[in-house]
Amino acid sequence: MIFLDNLINGLSLGSIYAIIALGYTMVYGIAKMLNFAHGDVIMVGAYIAFCGLQYWGLPPVMAILVAMAVCTVLGVTIEGLAYRPLRQAASLAVLITAIGMSYLLQNLALMIWGANPKSFPRTFINSSILRVGELSISSATIITILANIVIMVALTLFTSKTKMGKAMRCVSEDRGAAELMGINVNRTISLTFAIGSALAAIAGVLLCSSYPILQPTTGSMPGIKAFTAAVFGGIGSIPGAMLGGVLLGVIEIFGKAYISTELGDAIVFAVLIVVLLVKPAGLLGKPVREKV
Amino acid sequence: MSDIRSGAPLLKVNDIHVYYGAIHAIKGISLEVYDNEIVTLIGANGAGKSTTLNTIAGLLHPRQGTVELNGANMNGVSASKMVSRGLSLCPEGRRIFQQMTVRENLEMGAYSRPVTEIDASLEDVFQRFPRLKEREKQIAGTLSGGEQQMLAMARALMSHPRLLMLDEPSMGLAPILVEQIFDIISELHEGGVTILLVEQNAQMALQVADRAYVMETGLITMQGPAEELLHNDAVQKAYLGS
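Just so it is clear, the structure is predicted and the values come from calculations on it, not from any experiment.

Some remarks on the overall build of chain B
Of regular secondary structure, chain B possesses 10 helices and 10 strands. In summary, chain B has a C-alpha radius of gyration of 17 Å against a globular reference of 18 Å for 242 residues, a match within 12%. By principal-axis analysis of the C-alpha atoms, chain B measures approximately 45 × 40 × 40 Å. Here chain B holds 242 residues, and 55% of them are scored as buried. Looking at chain B alone, contacts between residues at least 24 apart form 68% of all its contacts between residues at least 6 apart. Of the roughly 10,100 Å² that chain B leaves accessible, carbon and sulfur atoms contribute 48%. Positive and negative side-chain charges in chain B, numbering 20 and 28 respectively, have mean positions lying 7 Å apart.

This is the structure:
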């Protein structure tokens, strides 16, 4: 039973990582950059939802929608102001800009909301506990896993069936060729940031529903782990981010439960190192090939 | 060849200068393409042929000079907008979307057109390239080199261009496939497609083209009817290996 309990908790934590990892992997795949500010967009999303629930008296669903809207605007603005002017610059310059953006967001949050941790309010997400036999599962766990599945299916359909989604795959594979098809590359990159940031808001709410302590650095560690998950699964690949995120969550929880509570994170990163040694492109990453 | 060159040119390149940073790659070239012509741009590696095509397509921007399509100045028009103005570039190295299916590649070629017109264009293209029809659902990266080149050309045709630009379509292909590709170019021409062709295989290019320009280190050094250049001593020495 403890095993099942841990498995379910791992799946739930992994689902949060997966949703965050999607933002990293989509942006990497399409804009070819690591957006290290992504973790902090999660934190902003969580704060906005917190304000909606605590101060503005919004119903939970509205609060989440407002958080998604704010994060979408934030993500597109960050891309337009900070990253777009560097589109032709060296990737190191973009990386450093992203790290700077991450600290900017953390410190803005510190200014606006203060350093004291806030306790995230209870909502329908984490208000009940389901009992199945000897198992007791929090509703947050179930909702998180379900949200992950819905998002995965929706994104897969979006990228495989819609014109915009296919345009995203084209830009991801060959930006110049995509432009020659008539695809507006800048607009496609903006759209990617919009989707990634909206998902970050959802991830922020889910994260704080399971671990209800909210502070300006809330997004950092999950952000780094989700980035790890994206690399683990094969950065640039949407199913890879899903698989990497879920596996990472399960490994972390099992590591903490059966090996050592302190070493949980170390185990996670050790597994990453082993995977990258054996399969440098990640679990589902595709090695580049060219035919003549 | 003056009989087919009536009226204003479809494409007019006016004294363009293109730089890569500090490198002056194109040093003032002018060329014209008229409706229903095949014009070829030949020259050695590094002469600036691809740079010229990429500039016309809007991927690069001239620091000086103009590109006019159908009489309208195209300076500052982005590559993605050039497609709906009737220009299509089939780039060097094919650049097909390897992870997408053949059909998806073709659909992306028609990205700028209304969805309702795509099916008819697909039919057209499949008729011209029956091999692609057979491989419709296959992932493009698994096609052979020749098939990939056909796909790249078919994809460029899906936007219904008024001017099709082909950059080294024969590159890296076996001689028999090179023949096939040039047969297709001739067929397209007979079907009324206007083509600007960049080639290192000068022999083949001059045989299918109406007119030709010879480029050397960023400049046009010779121009004239393809037939004439094919028998020109200097061209033969430099590019035809005789």
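Concerning the overall build of chain A
Looking only at helices and strands, one finds 11 helices and four strands in chain A. Relative to a compact globule of 292 residues, whose C-alpha radius of gyration would be 19 Å, chain A shows 19 Å and is just as compact. With the C-alpha coordinates of chain A rotated into their principal frame, the extents come out at 60 × 45 × 35 Å. Looking at chain A as a whole, 52% of its 292 residues qualify as buried.

Focus on a negative patch on the surface
Residues and elements named next belong to chain B. A contiguous patch of negative charge, built from Glu179, Asp183, Glu187 and Glu190, is present on the exposed surface. For Glu187, the position within the fold is in helix 7 (residues 175-190). Accessibility expressed as a relative area gives 41% for Glu187, which makes it partly exposed.

Examining the packing of helix 1 (residues 2-31) of chain A against helix 2 (residues 38-54) of chain A
For any two helices packed against each other, one specifies the crossing angle of their axes together with the interaxial distance. All names here are of chain A. Across the interface, helix 1 lies against helix 2 with an axial gap of 10 Å and an inter-helix angle of 130 degrees. Between helix 1 and helix 2, the angle falls in the class oblique. Between helix 1 and helix 2 the crossing geometry is right-handed. Along the contact surface, helix 1 presents Ile20, Gly23 and Tyr24, while helix 2 presents His38, Gly39 and Ile42. Residues that form the contact of helix 1 with helix 2 fall into these classes: three nonpolar, three polar and no charged.

Some words on the sheet that holds strand 4 (residues 64-69) of chain B
Either a parallel or an antiparallel arrangement is found when strands of a sheet pair, and the pairing is made through backbone hydrogen bonds. Residues and elements named next belong to chain B. Reading across the sheet, the four strands line up as 2-1-4-5 and stay open at both edges, with antiparallel pairing between neighbours. With one partner strand each, in any of the chains shown, strand 2 (23-33) and strand 5 (72-73) form the two edges of the open sheet. With two bridges connecting them, strand 4 and strand 5 associate as antiparallel partners. In the sheet register, Glu68 faces strand 5, and the bridge partner there is Asn73. Sheet contacts for helix 1 (residues 49-56): strand 1 (11-20), strand 2 and strand 4; angle to strand 1, the most-contacted strand, approximately 115 degrees.

Digging into the side chain of B:Asn105
Relative to the helices and strands, B:Asn105 resides in helix 3 (residues 102-109). If near-sequence neighbours (up to four positions away) are discounted, B:Asn105 is found in contact with B:Ile96, B:Phe97, B:Met100, B:Ala140, B:Leu151 and B:Arg155.

Side note on helix 3 of chain B
The buried count for helix 3 of chain B comes to seven of eight residues, which makes it a mostly enclosed element. Buried within helix 3 of chain B are the following residues: B:Val102, B:Glu104, B:Asn105, B:Leu106, B:Glu107, B:Met108 and B:Gly109.

Examining the nonpolar core
Residues A:Tyr83, A:Ile183, B:Leu11, B:Leu31, B:Met108, B:Met165 and B:Leu196 are the most contacted members of the largest nonpolar core, which totals 116 residues. The contacts of A:Ile183, once residues within four sequence positions are left out, are A:Ala167, A:Cys170, A:Val171, A:Ala178, A:Thr188, B:Ser80, B:Met108 and B:Tyr111. Grouped together as the second largest cluster of nonpolar side chains are 49 residues, B:Ile38, B:Ala154, B:Ala209 and B:Ala226 included.

Let's talk about the sheet that holds strand 7 (residues 163-167) of chain B
Residues and elements named next belong to chain B. Ordered in space as 6-7-8-3-9-10, the six strands form an open sheet in which the pairing is mixed. Single-partner strands in this sheet number two, and they are strand 6 (87-90) and strand 10 (219-225). Mean inter-strand twist for the sheet, computed between neighbouring axes without regard to direction, equals 15 degrees. By the bridge criterion, five bridges tie strand 3 (residues 38-43) to strand 9 (residues 211-216) in an arrangement that is parallel.

A short note on the state of the cysteines
A disulfide bridge is the covalent bond that connects two cysteines by way of their sulfur atoms. According to the stated counting rule, one finds zero disulfides over all chains in the structure shown. A:Cys208 takes part in no disulfide bond, and the closest cysteine sulfur to it belongs to A:Cys71, at a distance of 12 Å.

Overview of the pattern of salt bridges
Two side chains bearing opposite charge may form a pair once their charged atoms approach each other closely. Residues and elements named next belong to chain B. Under the counting rule described, the total for this entry stands at 19 salt bridges over all chains. Here Glu32 makes a salt bridge to Lys12, at a shortest N to O gap of 3.4 Å. Placement of the pair is Glu32 in strand 2 and Lys12 in strand 1, with a sequence separation of 20 residues. Judged by relative accessible area, which is 24%, Glu32 ranks as partly exposed.

Structural notes on the interface of chain A and chain B
Taken together, the contact pairs 22 residues of chain A with 29 residues of chain B. Buried surface at the junction of chain A and chain B, summed over both partners, amounts to about 2,400 Å²; 55% is from carbon and sulfur atoms. For the salt bridge of A:Lys166 with B:Glu107, the shortest nitrogen-to-oxygen distance reads 2.8 Å. At the junction of chain A and chain B, the tally comes to six residue pairs in polar contact (both at pLDDT 80 or more). Counting residues per element, the ones that place at least two in the side of chain A that touches chain B are helix 6 (163-173) and helix 7 (175-180) of chain A. The element best represented in the side of chain A that touches chain B is helix 6 of chain A, accounting for seven residues. Considering only residue class, the side of chain A that touches chain B consists of nine nonpolar, four polar and nine charged.

So, how was this worked out
Residues numbered from 1 in each chain as written. Chains lettered and ligands numbered in written order. Predicted model: local features only at pLDDT ≥ 70, side-chain atom pairs only at ≥ 80, totals over all residues. Heavy atoms only, no water. Helix = DSSP H or I, 4+ residues; strand = E, 2+ residues; numbered from the N terminus. Rg over C-alpha atoms; globule rule 2.2 N^0.38 Å. Buried < 20%, exposed > 50% of the residue type's maximum accessible area, 1.4 Å probe, protein only. Contact = heavy atoms within 4.5 Å. Areas by Shrake-Rupley, 256 points an atom, 1.4 Å probe, with all protein chains shown as cover. Lys, Arg positive; Asp, Glu negative; His and termini not counted. Charge placed at Lys NZ, Arg CZ, Asp CG, Glu CD. Patch = residues over 30% accessible without salt bridge, like charges linked within 9 Å, V, L, I, M, F, W, Y side chains within 5 Å. Salt bridge = Lys/Arg side-chain N within 4 Å of Asp/Glu carboxyl O. Axes fitted to C-alpha atoms, helices over the stretch in contact; angles between N-to-C directions. Parallel < 35°, antiparallel > 145°, perpendicular 65-115°, else oblique. Left-handed = near helix turned anticlockwise from the far one by under 90°. Nonpolar A, V, L, I, M, F, W, Y, C, P; charged D, E, K, R; others polar. Pairing = 2+ DSSP bridges. Core = buried A, V, L, I, M, F, W, Y, C linked by side-chain atoms within 4.5 Å. Disulfide = S-S within 2.5 Å. Buried area = accessible area lost by both parts, 1.4 Å probe. Polar contact = N/O pair within 3.5 Å; in protein donor to acceptor, adjacent residues only side chain to side chain.

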